[in-house]
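What follows is the residue order along each chain.
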Amino acid sequence: MGKGIIRIFQTIGAAFKEGDFRCRISFLLMGFGQLLRGQFVKGAAFMLLEGAFIKYMVSFGARYFSKLSTLGTVATQKVRRKTIYGDNSFLILLFGILTVFVILAFAVLWYLNVKDNYEILKLVREGKKIPTNKENLASLFDKNFDKTLLALPVTGIFVFTVLPIVFMICVAFTNYDKNHQAPTNLFTWVGLENFEHLLSFGSSGMGRTFAQVLIWTLVWAFFATFLDYFLGLAVAILINKKGIRFKKLWRTLLVVTIAVPQFVSLLYVMKMFANDGLINGYLMKWGWISSPIQFWVDPMLARITIIVVNIWIGIPYMMLIATGLLMNIPEDLYESARIDGASGWQMFRKITLPYMLFVTGPFLLTQFTNNLNNFNVIYLLTQGKPLSMKLAENAGNTDLLVTWLYKMTVLDTNYRMAAVIGIMVFIVTAVVSLVVYNMLPSVRDEEGFQ
Amino acid sequence: MKKKKIAGNIVSYIVLILISIVWLFPFFGLFLQSFRSYDPKVEYGGMVDYLVPKTFSLDNYRFLFSGQTNFLKWYANTLIIAICVAVIQTVIVLCVSYALSRMRFSGRTFLMRFWLILGMFPGFLTMICLYFLLKQFGLTQAGAVPGLILVGTASSGMGYYVCKGYFDTIPKALDDAARIDGATRARVFFTMTIPMSKPIIIYTALVAFMAPWCDYVFASYVAFGHDESFNVAVAMTRWVWTNDYQGYFTRFCAGGILIAIPVTILFMCLQKYYVEGVTGGAVKG
Amino acid sequence: MKKKVLAVLLAVSMVAALSGCGANQAATAVEGAADQAAEAVEESVEEVTDAVEEAVDEVGEDFGTGEIKVWVADAVVDFTNAKIAEFMEANPQYAGYTVTVEPVGEGDAAGNMITDVQGGADIYAFAQDQIARLVSAGALEEVAPENEAAVKSENDPGSVSAATVGGVLYAYPLTSDNGYFLYYDKSVVTDPSSLEKILADCEAAGKNFYMEINSGWYQTAFFFATGCKLEYETDDQGNFTAANVTYASPEGVVALKKMIELNGSKAFQNGSAAGEATNVAAIVDGTWDSSTVKDLFGDNYACAKLPTFEGADGKSYQMSGFGGFKLLGVKPQEDDNKLAVCDALAAYLASGDVQLARYNEVGWGPSNLAAQGSADVKADEALAALGQQLAYTIPQGQYPGEYWELATALGDSVRNGEISANSSDDDLMATLQSFQDTCVGYAK
C-alpha cells in the first residue's frame, strides 16, 4: 500500500521533471498532451471530464462541500406567515459526501491523465509508435474490456451503495433525531456521544436492551440456519430414497413457499396463528384447548413460533440444494459401507454429513449472515412484538437488530441511534464471517479451483 | 427384509404426505378465504375463525378488477419493475462476472473484498439517503417506478458470486483458443460465453424477477403519498396493517392469489434452472 | 487539416482556460458560506418589504398558480374531491391552483410528512396524537389568524385544545369521534353496565370480548377510571416541558390489577378492530367501525358507554379513557399566496357544513358545535353512546410519541405474563414506577 503511494508520487514527479511542455500543460489542462499528439478521443474525453468536474463544483458541489464541517448554520426563519428555509443539514451532509467522492474520483482521473501523458512521452522518446484513436477504442473491447464491463456497475455501486453507507456512518456521529430534523432544524456533529449512549448500562442507557436484542439476533440466526439445514437435508434424503415415487411432485409441492411472495404468505400465516385466528379457533372448537395459545403474545412462544414458521420457508431451499449434491456422492461409497454392515444412520454420519458440510460450508456462512439481517420474516410476522417494560427504546422481544433500527427510524425518526446500531450490525456480521470463514475446511485457493 | 423395506417406504410416504399438507395448508386457506364475499348480505366479510366460506362468491375478484382501487395499476407497476430489474440486472451481473472471472487487472481482488464488506452493512439504514438521492432526479412519488428500477439494479453488480462461479467452470482453454484465432475479448464474451450460459442467465433473471414482488419497505419509502405508483406489496399490506381498511382481509387474500399464481407458475416452469443456480451457488459460496 | 485541428484546439483550450479559474473557485467557495449567510439576511429584509407590498397587493386578489396536494383517508377521498370541486367553483380567484387528493391514512400521514416535509402533502388529515411530533419536525403551519377565532368558537373545546400546542393553534379540528365505547351483541350480553358481568356472559356463551389493552389509548380507560393522571405541557415548538404522571400510586395498582384480571379471562381478546375480530360478543371500539359492527351483530347490534368495574379494593369504578380528535393541518409554505389558498381550503374542509356532509357520507362524528346539534347526528346510536361516554373521559391533550410505544410495552407485559396475578403489589408498583419515571423523562 505504502509503496504504491510512493510510486504514484514518483510518477507525478518524474512526469513534471522530465516532461515536455505538452506534458506539463496537461497538469492543468487535462488531455492537452494527448490532443496535440493526435489522440483526439482520449484527449477530448479527459478535457470534457475536467469541464464537467468544474461545472459540477461551481454550480453544485462547492456549495455543500464548504458547509460540511458545520452541517449548516443558517436557521430557518419565518417572515410573517411565510417560511424561509435555511441550511438543510441533511442535504449538506449527503451532497457534501458526494462531492468528496467526486473530488477523489477527479484526483484519480487527474493522475491517470498525467501518467498517460508521461507514458506517451516515453514511447515517443524511445521512438515507438503511439497508439492511434482506433487502437485506443478497440482496446476497450479487448485488452481493456474489463474497464468497459465494470464502468457502469462500479459507478452504480458507488452512488447507490457506498455513498449511502458512508452517509449513515457519518450520521452516527451527529445528533440527527426528531428534534433536529431537516429542513426546519439543523443538526451537527457530536462525536462519540451516541456510541456512549448505546453502550452505557445505566438506567437511562440502552446497554441492557442492546445486549438482549443482540443475543436473540444470534440465537435466531443459529436456529434459523441450522434447523433449516438439517431438516432440509432430512427431507431431501427422504425424497431421494430408493423406492419413493413421484419425486418431482413432492419437491414441487414444497417449493411453493419459495415461489409465493412472502408478504402474502407470511401475513396470512401471521393471522392464522393470532389469538383469535384460525388455529386457535379450531383447537378451541374441537375442545382441545380452553383458552387460546398465545403464539404471538408470550415472548418465548413467539420466538419459537417464528423459528418454526421460518422452517416452513427455509426447508425448501435446503432441500433443493441437497437434492443435487446428494446425487454427487459416489454410490460405491455407500455400497462398500453396506457390505461392512453399516446402518443407515451410520452411513449418514460417516459419509453424507461430512461431505455435505464440506461442500456447503461457505453457503452455511452466507445463510447465517443473511439470517442475522432477516428483516422480512420477523417484520411481517411480529414487527418485533411483544414489547416489554424491561426493554428500552421500544425494542420488542422478537426484534432483531435490523428490525429494531428500522422501527427507530420510522416511528421515532431516531436516525442517530439507528445509525449506531447499523454499525454494530456490520461489526457483528463482519466478526462472525471472519471467524467462521477461517475455520471452514473448504476455503480453497480460488485460482486452484479453476 | 423386503417387508421391512415396504414398511419403511410406507412410513416415508406418510411423512411426506403430512409435510405436504402442512406446507400447502396456508395457501389452501388463502385460496378458500378469497372466495368469501365481503358483502354482509351474503356473508360477513371481516375476520372469521372458520376456514370454508359458507357461500362461494367472486366478489373479491370483481372488486379488484372493478377500478374501485388501483389494483391493476399496482399490478402493472410491479410487473414493469420486475421485468426491467430482471433484464438490467442480468446484463450487469453477466458483465461483472465475466470481468472478474476471465480478466486479471489491478484492483481485482480489492474490488471483490470491498464488495464483500459492503454487503455486511444492513441496507435499511440507507433508505432515507436513497430517497433523497432519487428525489434529486425526480424519481420519487410520481416517478417512483423508474426510481425503484434504478435502485433495484444500480447495485446488482455485487451479486456476481453465483454467475462468476459458473463462468469459472467454463474451461479457459476455450477462450484462449479463440483469442489465438484473433477474436477480441468482447467477441469471446458475446459469441462464446453468453451462449454457453443459458442456465445461469435464466437463474439470475428469475431471482431478480421475484424480488420486487416482496419489496415492501423501500417501495413504501419511495412511493409514499402517491397511490398510483405503489407496488402490490405496499398497497396491499395496508389492507392488513391499517385500520382504515377493515374488512379488506378477503380482498387481500384474493389479491394475494392473483399475485401468487403467475409468479408460482413461472417459478415452477423454470425450477430446473433455479435448482442448478442455487446448488452451484451453495457449493461455490 | 492540421490547421483546422490547431484552431479547434486553441478554441477548446481558451474555453478551458476561462473555466480553468478552478483554482480561484476553492477560495470563492470558502467565502461563499459567509456570503450566503449575509445574503440570507439581505433576502429576509427583502422578504419583509415584499410581504408588506404583497399585503397591499392582496386587494388585487391574484393568487398565481400552483399545485396543492391533499392527503385524507381512503374512505373520504371521493367525498373530499367533490367538496374541493365545490370550493373551487365558489372561489374562482383560486382557479390557478390544481388540487390532487391522495389516500394516505391518518396513521401514516405523520410518518410520511416527517420523512420529507417538502415532498409531503400541503394539507393533510392526521390523528391528534401526532401533532407534537409534527410541530417539532416543522411540518405544521399555525392556523391563519383570520380563521383562528372562528375555529375556536365553532368547535368543541376539547378538539380545540387537541389542536393547540403550547398555546398556539396548529390545526383545524375535523372530527370529535375519536373516542371509544362498547359495542355488544344483545343476545349474549345481558347487562352492559358491568365489566364483570359482560365477561361472565361472554365466557358462558364461549364468545370473545375485545379490548386493546396494549394500546396507550385504550389502556387509559383503566388508569383514568381510578383517578390516575397523565398530562404533559408543551411549548409552542412541540417540545414537552413538564409532565404530571401519577401511575405509581395505589390507584394505579388497582387499575393494573384489573387489566391483569381481564387478561386472565378466557373470553378476553386483545384488539380493537371490529373487522379483524372473530367470534365477538362485545368490543371496545369507536364510531368509525359502526357499520362493520352492524354487519357483525345484525339485529343484535347494540352500543353503550363503557362499563364499570369492581376494583381489588372493593370499590366500583366507571371506565374512563381518552376522547380524541382528527385534525386537518397545513404545511409551512415558501409562498404566501399558496399558503393563503391552503388556509382557505383547509378552513373550508373543516367547516361545519362540510363536517355535517362528511357525517352523512361516512358517519364521522363532527367536532363542529352546530353540526353536533343537527338532528341526524343526535339520532345516531353509536354517537349517542360515545356522547354518554364522553362525560367520563378526558379530552386527549399532547403526548410524546414514545408514550404510545411505552404503553404498548406495559400492555404487552400484562399480556405475556411478565406481570401477572401472582405478582406482589410491590412488583406492580415497581413496574408502574418505572413506567412513570420513563414518562416523566420524556419531558425535558
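Keep in mind that what you see is a predicted model, and the values were worked out from it rather than measured.

The next thing to look at is the overall build of chain A. Each helix and strand in chain A was counted, giving 20 helices and two strands. Its C-alpha atoms give chain A a radius of gyration of 30 Å, clearly above 22 Å, the size a compact globule of 450 residues would have. Taking the principal axes of its C-alpha atoms as reference, chain A extends roughly 95 × 80 × 35 Å. Expressed as a percentage of its 450 residues, the buried residues of chain A come to 43%. A separation of at least 24 residues holds for 64% of the contacts in chain A among residues at least 6 apart in sequence.

We now examine the packing of helix 12 (residues 232-241) of chain B against helix 13 (residues 249-269) of chain B. Residue and element names in this part refer to chain B. Contact geometry of helix 12 with helix 13 gives a least axis separation of 9 Å together with a crossing angle of 155 degrees. With respect to helix 13, the axis of helix 12 lies roughly antiparallel. Viewed along their axes, helix 12 and helix 13 form a crossing whose handedness is left-handed. Mapping the contact onto sequence places V232, M236, W239 and V240 in helix 12 and R251, F252, G255 and I259 in helix 13. Residues that form the contact of helix 12 with helix 13 fall into these classes: six nonpolar, one polar and one charged.

A word on the domain arrangement of chain A. It is common to give the size of an interface as the accessible area lost on bringing the parts into contact. Residues and elements named next belong to chain A. Domains assigned within chain A are domain 1 (2-191) and domain 2 (207-444). For domain 1 versus domain 2, the distance between C-alpha centres works out to 44 Å. Tallying the contact residues gives ten residues for domain 1 and nine residues for domain 2. Classifying every residue of the side of domain 1 that touches domain 2 gives five nonpolar, three polar and two charged.

The buried fraction of helix 7 (residues 161-169) of chain B is high, at seven of nine residues. All of the buried residues in helix 7 of chain B are B:Y161, B:V162, B:C163, B:K164, B:G165, B:Y166 and B:F167.

Residue and element names in this part refer to chain C. Overall, mixed pairing links the five strands, which are arranged 11-8-12-7-13 in an open sheet. Each having just a single partner strand, strand 11 (268-269) and strand 13 (301-304) make up the two edges of the open sheet. Looking at chain direction, strand 8 (residues 208-210) and strand 11 are connected through two bridges and run parallel. Note that in strand 11 the partner of F209 across the bridge is F268.

The next point concerns the packing of helix 9 (residues 207-240) of chain A against helix 14 (residues 299-328) of chain A. All names here are of chain A. Where helix 9 meets helix 14, the axes come as close as 6 Å, and the angle between the chain directions of the two elements is 50 degrees. Comparing their axes, helix 14 and helix 9 come out oblique. The handedness of the crossing between helix 9 and helix 14 comes out as right-handed. The residues of helix 14 that touch helix 9, namely those facing F223, A224, L227, D228, Y229, L231, G232, L233, V235, A236, I237 and N240, are I307, N310, I311, G314, I315, Y317, M318, M319, A322, T323 and L326. Here the residues of the contact of helix 9 with helix 14 sort into 17 nonpolar, five polar and one charged.

A separate point is the interface of chain A and chain B. On the chain B side, the residues contacting the 77 residues of chain A number 64 residues. Per element, the largest residue contribution to the side of chain A that touches chain B is 16 residues, and it comes from helix 7 (residues 145-171) of chain A. Across the side of chain A that touches chain B, the residue classes break down as 54 nonpolar, 19 polar and four charged.

Turning next to the interface of chain B and chain C. Opposite the 21 residues of chain B that make contact, chain C presents 27 residues. Considering only residue class, the side of chain B that touches chain C consists of eight nonpolar, nine polar and four charged.

Moving on to the domain arrangement of chain C. Residue and element names in this part refer to chain C. According to the domain assignment, chain C contains domain 1 (61-177 + 325-381) and domain 2 (181-320 + 400-441). Once you take the C-alpha centre of each, domain 1 and domain 2 turn out to be 31 Å apart. When residues in the side of domain 1 that touches domain 2 are grouped by element, the largest group, four residues, is from helix 5 (residues 131-136). Along the lines of polarity and charge, the residues of the side of domain 1 that touches domain 2 split into four nonpolar, five polar and four charged.

For a regular strand, side-chain orientation follows a simple rule: the groups alternate between the two sheet faces. Residue and element names in this part refer to chain C. Along strand 3 (residues 123-127), five of the five residues are buried, which leaves the element largely enclosed by surrounding structure. Across the two faces of strand 3 the burial is the same, with I123, A125 and A127 and Y124 and F126 all buried. With two bridges joining them, strand 1 (residues 66-72) and strand 3 adopt parallel strand pairing. Of the residues in strand 3, the one forming a bridge with V70 is I123. Relative to strand 16 (residues 322-330), strand 3 runs antiparallel, the two sharing five bridges. Opposite A127, over in strand 16, you have K326 as the bridge partner.

Now for the nonpolar core. C:Y172 and C:A282 are the most contacted members of the largest nonpolar core, which totals 309 residues. Among the elements that line this core, the one with the most residues is helix 3 (residues 71-102) of chain B, at 15 residues. For C:Y172, the contacting residues outside a window of four places in its chain are C:V143, C:V151, C:A163, C:L327, C:L328, C:A346, C:A347 and C:A350.

This part takes up unusual backbone geometry. Residues and elements named next belong to chain A. A cis amide bond links A182 with the next residue in sequence, P183, at an omega value of 0 degrees. Mapped onto the fold, P183 is located in the loop between helix 7 and helix 8 (193-198). With phi around 55 degrees, F246 is a residue other than glycine that occupies positive phi space. The residue F246 is located in the loop between helix 9 and helix 10 (247-254) in this model.

Scoring rules and cut-offs
- Residues numbered from 1 in each chain as written.
- Chains lettered and ligands numbered in written order.
- Predicted model: local features only at pLDDT ≥ 70, side-chain atom pairs only at ≥ 80, totals over all residues.
- Helix = DSSP H or I, 4+ residues; strand = E, 2+ residues; numbered from the N terminus.
- Rg over C-alpha atoms; globule rule 2.2 N^0.38 Å.
- Buried ≥ 20, exposed ≤ 12 C-beta atoms within 10 Å, placed from the backbone.
- Contact = placed C-beta atoms within 7 Å.
- Axes fitted to C-alpha atoms, helices over the stretch in contact; angles between N-to-C directions.
- Parallel < 35°, antiparallel > 145°, perpendicular 65-115°, else oblique.
- Left-handed = near helix turned anticlockwise from the far one by under 90°.
- Nonpolar A, V, L, I, M, F, W, Y, C, P; charged D, E, K, R; others polar.
- Domains from an automatic or database assignment.
- Pairing = 2+ DSSP bridges.
- Core = buried A, V, L, I, M, F, W, Y, C linked by C-beta atoms within 7 Å.

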